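Geometric and topological summary
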Amino acid sequence: MFGFLRKLLPPANEEFFTLFDDAAANCKEIAQLFCKINEDNEEGVNAAFLEEARRLKHESNFIHKSILRKLNNTFITPIDREDIQSISNLLNKITRKIVKACFNLHICNVREATSEMKLQAGNLLEATEALMKVVKLIQDTSQTEEATKLNDRMKEIESNGDAIVNQAMANLFSGNIPPLDVLKYREIHKDIESALDICYLVSDEVLSVMLKHS
């Protein structure tokens, strides 16, 4: 009886939003780690870095599952259920893509990050910093103007990322890079590009949610 009544009560809005904030912060942490790995991997990827990447992946999965469990146990949600699930899925994917890139640096024995890879890492970190700000705004629909500005900024960051990865691909397929290295670097570049694209998708979806509820 009490469980049924509890489901009928409006949930504390900050519970879903706090988990979103945690997931976005996790994205920033793994982006910071990817930057560190690219700056310090002359002797291979440090085992401590890999362990930290593994921890952040598990943390992201835990946050995502916590959101889904809460969604299943909540009758009234602060925003549409499908929007909560979609945003949670996307935030989890960002972390997983970056973790995959971290481990591929180790698996492929990449001991020297290209200049484009370092630029890409910095660009990704900038995107995750903007992502944290965007996600935090979702609970305040009066901030749609600020969310729009951040979404525009995120699009600029994504476009910059596209330019970086296009240059990286041109260099890789110039004929001056050993074929095996082309395969290794291409996979890592694509994972980071994908993570960056998803950052923009989250920003776009958050803005759509805010406009829908304003």
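Let me sum up the structure you'll find in this document. (Residues numbered from 1 in each chain as written. Predicted model: local features only at pLDDT ≥ 70, side-chain atom pairs only at ≥ 80, totals over all residues. Heavy atoms only, no water.)

Applying the stated criterion to the full structure yields zero aromatic pairs. Taking NZ or CZ as reference, Lys155 lies 5.0 Å from the ring centre of Tyr200, over its face. (Phe/Tyr/Trp six-rings, centres within 6.5 Å; stacked < 30°, edge-to-face > 60°. Lys NZ or Arg CZ within 6 Å of the ring centre and 35° of its normal.)

With that settled, the discussion passes to the packing of helix α5 (residues 115–137) against helix α7 (residues 179–213). With their axes 10 Å apart at the nearest point, α5 and α7 run at an angle of 20 degrees to one another. The angle between α5 and α7 falls in the class roughly parallel. The hand of the α5/α7 crossing is left-handed. Contacts between α5 and α7 involve Glu116, Met117, Gln120, Asn123, Leu124, Ala127, Thr128, Leu131, Val134, Val135 and Leu137 on the former and, on the latter, Tyr185, Ile188, His189, Ile192, Glu193, Ala195, Leu196, Cys199, Val202, Ser203, Val206 and Met210. Taken together, the residues of the contact of α5 with α7 break down into 16 nonpolar, five polar and two charged. (Axes fitted to C-alpha atoms, helices over the stretch in contact; angles between N-to-C directions. Helix = DSSP H or I, 4+ residues; strand = E, 2+ residues; numbered from the N terminus. Parallel < 35°, antiparallel > 145°, perpendicular 65-115°, else oblique. Left-handed = near helix turned anticlockwise from the far one by under 90°. Contact = heavy atoms within 4.5 Å. Nonpolar A, V, L, I, M, F, W, Y, C, P; charged D, E, K, R; others polar.)

In the contact formed by α5 and helix α6 (residues 144–172), the axes pass within 10 Å of each other and the chain directions differ by 165 degrees. Relative to α6, the element α5 lies roughly antiparallel. Where α5 crosses over α6, the handedness of that crossing is left-handed. Here the contact of α5 with α6 is built from residues that sort into 13 nonpolar, six polar and five charged.

This part covers helix α4 (residues 81–107). Taking 1.5 Å of rise per residue, 27 residues should cover 39 Å, and α4 covers 38 Å from first to last C-alpha, within 8% of that figure. A positive phi of about 55 degrees marks Asn109, the residue just after α4. (Expected span 1.5 Å × (residues − 1).)

Among the nonpolar cores identified, the biggest contains 69 residues, and Phe20, Phe34, Leu91, Ile94, Ile98 and Leu131 are the most heavily contacted of them. At the level of elements, α2 (13–39), α3 (47–72), α4, α5, α6 and α7 are the ones that each hand at least two residues to this core. The biggest single contributor to this core is α7, with 14 residues. Leaving out residues up to four positions away in the same chain, Ile98 has contacts with Cys27, Ile30, Ala31, Phe34, Leu124, Ile192 and Ala195. (Core = buried A, V, L, I, M, F, W, Y, C linked by side-chain atoms within 4.5 Å. Buried < 20%, exposed > 50% of the residue type's maximum accessible area, 1.4 Å probe, protein only.)

We now examine the pattern of salt bridges. What the rule picks out here adds up to 14 salt bridges. Taking the shortest distance from any N to any O, the salt bridge between Glu158 and Lys155 comes out at 2.9 Å. One end of the pair is Glu158 and the other is Lys155, both in helix α6 and three residues apart, which spans about a single turn. Given a relative accessible area of 36%, Lys155 falls into the partly exposed group. The structure contains a network of salt bridges with shared partners spanning Glu29, Glu52 and Arg55. (Salt bridge = Lys/Arg side-chain N within 4 Å of Asp/Glu carboxyl O.)

What follows deals with unusual backbone geometry. Its identity is not glycine, yet Asn109 carries a phi of approximately 55 degrees, on the positive side. Relative to the elements of secondary structure, Asn109 occurs in the loop between α4 and α5.

Here we take up the side chain of His64. By the secondary structure assignment, His64 is in helix α3. Note on His64: relative accessible area 12%, which makes it buried. Here His64 is in contact with Ser88, Asn89 and Asn92, once residues within four sequence places are set aside.

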